[in-house]
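Okay, here's what each chain looks like letter by letter:
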Amino acid sequence: MMRAATVAATLVAVGAQAANPAQDYVLNCMGCHGAAAQGIPGKVPPLANALSRFMRTPEGRNYVLRVPGAANSSLSDEQLAGVLNWLAVTFDSSATANQLAPFTGREVAALRRQPLLSVLATRGTVVHNLATTGPSPPSQY
Amino acid sequence: MKTLDRLFENGARSLAKRTSRRSLLACLGQVLTGAALMPLLPIDRTARAQEPVHPTPAEQKCDYWKYCAIDGFLCACCGGSSTACPPGTQPSPITWIGTCHNPADGRDYIVSYNDCCGKVSCGDCFCDRNERETPMYRLSRNNDVNWCMANADSNYHCSVSVILGVAEK
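Residues numbered from 1 in each chain as written. Chains lettered and ligands numbered in written order. Predicted model: local features only at pLDDT ≥ 70, side-chain atom pairs only at ≥ 80, totals over all residues.

Participant: Any chance you could explain the overall build of chain B here in plain terms?
Facilitator: Helix and strand counts for chain B come out as three helices and six strands. Along chain B, from the amino end to the carboxyl end, the secondary structure elements read α-α-α-β-β-β-β-β-β. For chain B, buried positions account for 36% of its 169 residues. The contacts in chain B between residues at least 6 apart in sequence include a share of 76% that link residues at least 24 apart. (Helix = DSSP H or I, 4+ residues; strand = E, 2+ residues; numbered from the N terminus. Buried ≥ 20, exposed ≤ 12 C-beta atoms within 10 Å, placed from the backbone. Contact = placed C-beta atoms within 7 Å.)

Participant: I keep staring at the pairing of strand 3 (residues 96-102) of chain B and nothing clicks. Help me out?
Facilitator: Consecutive residues of a regular strand have side chains that alternate between opposite faces of the sheet. All names here are of chain B. Extensive coverage of strand 3 is indicated by the burial of five of its seven residues. Examined bridge by bridge, strand 3 and strand 4 (residues 107-117) share seven bridges and lie antiparallel to one another. From the neighbouring strand, cysteine 100 faces strand 4, where its bridge partner is tyrosine 109. The turn joining strand 3 and strand 4, which pair antiparallel and follow one another in sequence, is formed by four residues; a positive phi near 70 degrees is taken by glycine 106. (Pairing = 2+ DSSP bridges.)

Participant: Honestly, the confidence of the model for chain B in this entry has me stumped. Any pointers?
Facilitator: As a note on interpretation, predicted positions should not be read in detail where pLDDT is low. In this model, chain B carries an average pLDDT of 83, and 78% of its residues clear a pLDDT of 70 or more. Scoring of the predicted complex yields 0.74 for pTM and 0.74 for ipTM. (pLDDT = per-residue confidence, 0-100.)

Participant: So what exactly am I meant to see when it comes to the environment of proline 41 of chain A here?
Facilitator: All names here are of chain A. Within the fold, proline 41 resides in the loop between helix 3 (30-33) and helix 4 (51-54). Residue classification places proline 41 among the partly exposed residues on the basis of 13 C-beta atoms within 10 Å. Spatially, the C-alpha atom of proline 41 lies 8.9 Å from that of glutamine 140, the residues being 99 residues apart in sequence.

Participant: Would you take a moment to explain the confidence of the model for chain A for this structure?
Facilitator: For chain A, per-residue confidence averages 86 on the pLDDT scale, and 86% of positions sit at 70 or higher. A low-confidence stretch, residues 1-17 of chain A stays under pLDDT 50, and its non-local contacts, those more than four residues away or across chains, total 45 contacts.

Participant: How do you make sense of the pairing of strand 6 (residues 156-166) of chain B when you look at a structure like this?
Facilitator: Residue and element names in this part refer to chain B. Of all the 11 residues making up strand 6, eight are buried; the element is thus mostly covered by neighbouring parts of the structure. Bridging between strand 4 and strand 6 involves nine bridges; their strand directions are antiparallel. Bridged to asparagine 114 within strand 6 is valine 160.

Participant: How do you make sense of the packing of helix 5 (residues 58-66) of chain A against helix 9 (residues 119-131) of chain A when you look at a structure like this?
Facilitator: Residues and elements named next belong to chain A. Between helix 5 and helix 9, the least distance of the axes is 10 Å, while the angle of their chain directions is 150 degrees. Between helix 5 and helix 9, the angle falls in the class roughly antiparallel. Pair helix 5 / helix 9 crosses with left-handed handedness. Taken together, the residues of helix 9 that come into contact with helix 5 (itself represented by Glu59, Gly60 and Tyr63) are Thr122, Arg123, Val126, Asn129 and Leu130. (Axes fitted to C-alpha atoms, helices over the stretch in contact; angles between N-to-C directions. Parallel < 35°, antiparallel > 145°, perpendicular 65-115°, else oblique. Left-handed = near helix turned anticlockwise from the far one by under 90°.)

Participant: Would you mind showing me how to read the packing of helix 2 (residues 21-28) of chain A against helix 7 (residues 77-90) of chain A here?
Facilitator: Residues and elements named next belong to chain A. At their nearest, the axes of helix 2 and helix 7 sit 9 Å apart, and the two run at 100 degrees to each other. By the criterion of interaxial angle, the relationship of helix 2 to helix 7 is roughly perpendicular. Together, Pro21, Ala22, Asp24 and Tyr25 of helix 2 and Gln79, Gly82, Val83, Trp86 and Leu87 of helix 7 make up the contact between the two elements. Looking at side-chain class alone, the contact of helix 2 with helix 7 contains six nonpolar, two polar and one charged residues. (Nonpolar A, V, L, I, M, F, W, Y, C, P; charged D, E, K, R; others polar.)

Put into structure tokens, the structure is as follows:
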């Protein structure tokens, strides 16, 4: 269908700075999570309006850094921290992500190498706990 | 026979009393008007709404620069173009994204390789270049995956390549 042409219209603004989290996202994450970090219902979890909510608690941050897409990514610890911080600020309609503590390379390095054996079960627990203290991401996607 | 004649005569006269030539014309007019309005009913005709796509000869060749990491049938040979899926197929929401070097301007471009899904394999212009592909242990960097996996109809038909932007080094 000609709607495929709309894919072509999804141009990505890529900055020219050395650290380039937008480009890192496009090359390493966007293929599955989508141009607006919206995910795919039933297949790929959304990052928009979800990642920043996980970042509110140590348990949520732990989960985010250990999910397979983050832990197994070819990005370095610093690059992964940069992409996550960029995503949280760029795709959060509540505009509260600026108040969250950003990820650091050291924090990423300490957590991403610990395997997360049951992703969905852990997500359910983390989301349940987040919901008791404020806005939470969806438990299902 | 007289009885039959009388029966049919009475029937014809009775019909003539109850109807007129005008009523016949009115009825015929309704039928013709209804038939003329049939194409306006809300029936899905999106498959026919497709405008013809005219790919360039370069788009139909595997050595076209932006096909550097493609693996599949070129949609430009299958009724689409290098950026548009053929009629009756849908682009995959999950894609392989890589970079290709354009020798014409010396720049690297970020390219999204979307599969077009919903029909059986096209079978024309198979192109298997896969530059910088990694083995299956890193799925997001492997191009043997059926990217139609997230579509309602996961049949693979062909692949397009869409430029997303210029890659900064």
